[in-house]
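In case you want the letters, here they are:
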Amino acid sequence: MPHISPALAETFEAQRDRLHAVAYRMLGSHADAEDVVQEAWLRLSRQDAAAIHNLAGWLTTVVGRISLDVLRSRQSHPETFLDGPAPVVVDDGAVPEDDVALADSVGLALLVVLASLTPGERLAFVLHDLFAVPFDEIGHILGKSAAAAKMLASRARRKVQSSERPAATGREQRVVVDAFLAAARDGDFEGLLRVLDPDVKLTAGTPGGPVVVLGATAVANGARLRLAAGVGPSRAVLVNGLPGVVAWHEDGTPLSLLAFSVTDGRITAISVEIDPEKLARIDLPASA
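Residues numbered from 1 in each chain as written. Predicted model: local features only at pLDDT ≥ 70, side-chain atom pairs only at ≥ 80, totals over all residues. Heavy atoms only, no water.

This next bit is on the overall build of the protein. A count of helical and extended segments in the protein gives 11 helices and 7 strands. Buried residues in the protein amount to 43% of all 288 residues. Surface accessibility of the protein: about 14,400 Å² in total, with carbon and sulfur atoms responsible for 54%. (Helix = DSSP H or I, 4+ residues; strand = E, 2+ residues; numbered from the N terminus. Buried < 20%, exposed > 50% of the residue type's maximum accessible area, 1.4 Å probe, protein only. Areas by Shrake-Rupley, 256 points an atom, 1.4 Å probe, with all protein chains shown as cover.)

And the structure:
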């Protein structure tokens, strides 16, 4: 069993919240962040503590490297928003406009932007711009020079800043989502393009594994063909604070769950789950 002295364990616990915050902003999942922090704890237990002169820096490096590995793995194994803990799904309108779930959507919007960065860009931006880690330490994690790390952070910063558009309120987001659904059901291709960001990303969870669709034209074509064929009853919901919709088969079993990210009046990301096994794990509202 791993053994860490009580004093070192206490020091680690003092760093836990910061390490979790770093990993969460890297990975966008509290569950994954907790796994990363736990792995850092296990690696610490296998180290000679006396040889670690800067524990906070050492732990940041370890958490950064583990998170980087996870991000690189995700590039070849895309995930949907249901691959982590089951999302919180509630009726849209069942909570006040200023509910904490809606407030959390601001943070989720940033995570959507960060997800568009390369693993190296994301690590450099998160560690430097959000946690003030020096570029020489970031370069050490990446296996690059401090200058290269600085360049990655600068490139990431430009991408983030170019994506920073006014956040819509929950009601404004719902209007955009409703317009998308109406256009899809009507087979209105031009209407779909009007509400989709040109670089929209759709990630669908299917029984055969995740499927990623990029670009407004491809997403619009898929939505028009799928929804124009008709679905059973559906209901507007909030999925982890994001506007969404749940649909059922005619027999009342879940058909699909969607969540939308909306900025500046356009949909920038869509997460879809149609895998019956995953849908069965979620506490969904009753069929409409």
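Turning to unusual backbone geometry, a few remarks are in order. Here Ala-132, not a glycine, exhibits a phi torsion of approximately 55°, which is positive. Take Ala-132: its relative accessible area is 62%, and that puts it in the exposed class. At Asp-264, a residue that is not glycine, the phi angle is positive and equals roughly 55°. Here Asp-264 is to be found in the loop between strand 6 (254–263) and strand 7 (266–273). Given a relative accessible area of 48%, Asp-264 falls into the partly exposed group.

Residues lying three or four places apart along an α-helix face the same way, a consequence of the helix completing one turn every 3.6 residues. Taking 1.5 Å of rise per residue, the 16 residues of helix 2 (residues 30–45) would be expected to cover 22 Å, and the 23 Å separating its terminal C-alpha atoms lies within 8% of that figure. Within helix 2, burial applies to Ala-33, Val-36, Val-37, Ala-40, Leu-44 and Ser-45. (Expected span 1.5 Å × (residues − 1).)

A separate point is the packing of helix 5 (residues 119–130) against helix 6 (residues 135–142). Geometry of a packed helix pair, given as the angle between the helix axes and the separation of the axes. Two elements in contact, helix 5 and helix 6, have axes whose closest approach is 10 Å; the angle formed by their N-to-C orientations is 150°. Accordingly, the angle class assigned to the pair helix 5 and helix 6 is roughly antiparallel. Judged by the twist between their axes, the crossing of helix 5 over helix 6 is right-handed. Of the residues in helix 6, those touching helix 5 at Gly-120, Leu-123, Ala-124, Leu-127 and His-128 are Phe-135, Ile-138, Ile-141 and Leu-142. Residue composition of the contact of helix 5 with helix 6, by class: 7 nonpolar, 2 polar and no charged. (Axes fitted to C-alpha atoms, helices over the stretch in contact; angles between N-to-C directions. Parallel < 35°, antiparallel > 145°, perpendicular 65-115°, else oblique. Left-handed = near helix turned anticlockwise from the far one by under 90°. Contact = heavy atoms within 4.5 Å. Nonpolar A, V, L, I, M, F, W, Y, C, P; charged D, E, K, R; others polar.)

Let us look at the packing of aromatic side chains. The tally for this structure, following the rule as stated, stands at 2 aromatic pairs. Aromatic pair Phe-180 and Phe-260: ring centres 5.5 Å apart, planes at 65°, arrangement edge-to-face. On the criterion of sequence distance, the pair formed by Phe-180 in helix 8 (residues 170–186) and Phe-260 in strand 6 is long-range, its members being 80 residues apart. Each member of the pair, Phe-180 as well as Phe-260, is classed as buried. (Phe/Tyr/Trp six-rings, centres within 6.5 Å; stacked < 30°, edge-to-face > 60°.)

Moving on: the nonpolar core. Core analysis: the largest hydrophobic core is formed by 38 residues, its most contacted members being Val-63, Leu-123, Leu-127, Ile-138 and Leu-142. Broken down by secondary-structure element, the contributors of at least two residues to this core are helix 1 (6–27), helix 2, helix 3 (55–76), helix 5, helix 6 and helix 7 (146–163). Tallying contributions element by element places helix 1 first for this core, with 8 residues. Beyond its immediate sequence surroundings of up to four residues, Val-63 is in contact with Leu-19, Val-22, Ala-23, Val-36 and Ala-40. (Core = buried A, V, L, I, M, F, W, Y, C linked by side-chain atoms within 4.5 Å.)

In this section: helix 5. The end-to-end C-alpha distance of helix 5, which contains 12 residues, comes to 16 Å, matching closely the 16 Å that a straight helix rising 1.5 Å per residue would cover. A large share of helix 5 lies buried, amounting to 9 of its 12 residues. Taken together, the buried positions of helix 5 are occupied by Pro-119, Gly-120, Glu-121, Arg-122, Leu-123, Ala-124, Phe-125, Val-126 and Leu-127. In the stretch just after helix 5, Ala-132 is the one whose phi turns positive, near 55°.

This part is about the environment of Glu-39. Within the element layout of this structure, Glu-39 appears in helix 2. Take Glu-39: its relative accessible area is 26%, and that puts it in the partly exposed class. Spatially, the C-alpha atoms of Glu-39 and Val-62 are 8.9 Å apart, while their sequence positions differ by 23 residues. With residues near it in sequence (within four places) discarded, Glu-39 still touches Arg-46 and Ile-66.

Fair warning: the whole summary comes from geometry, so function is off the table for now.
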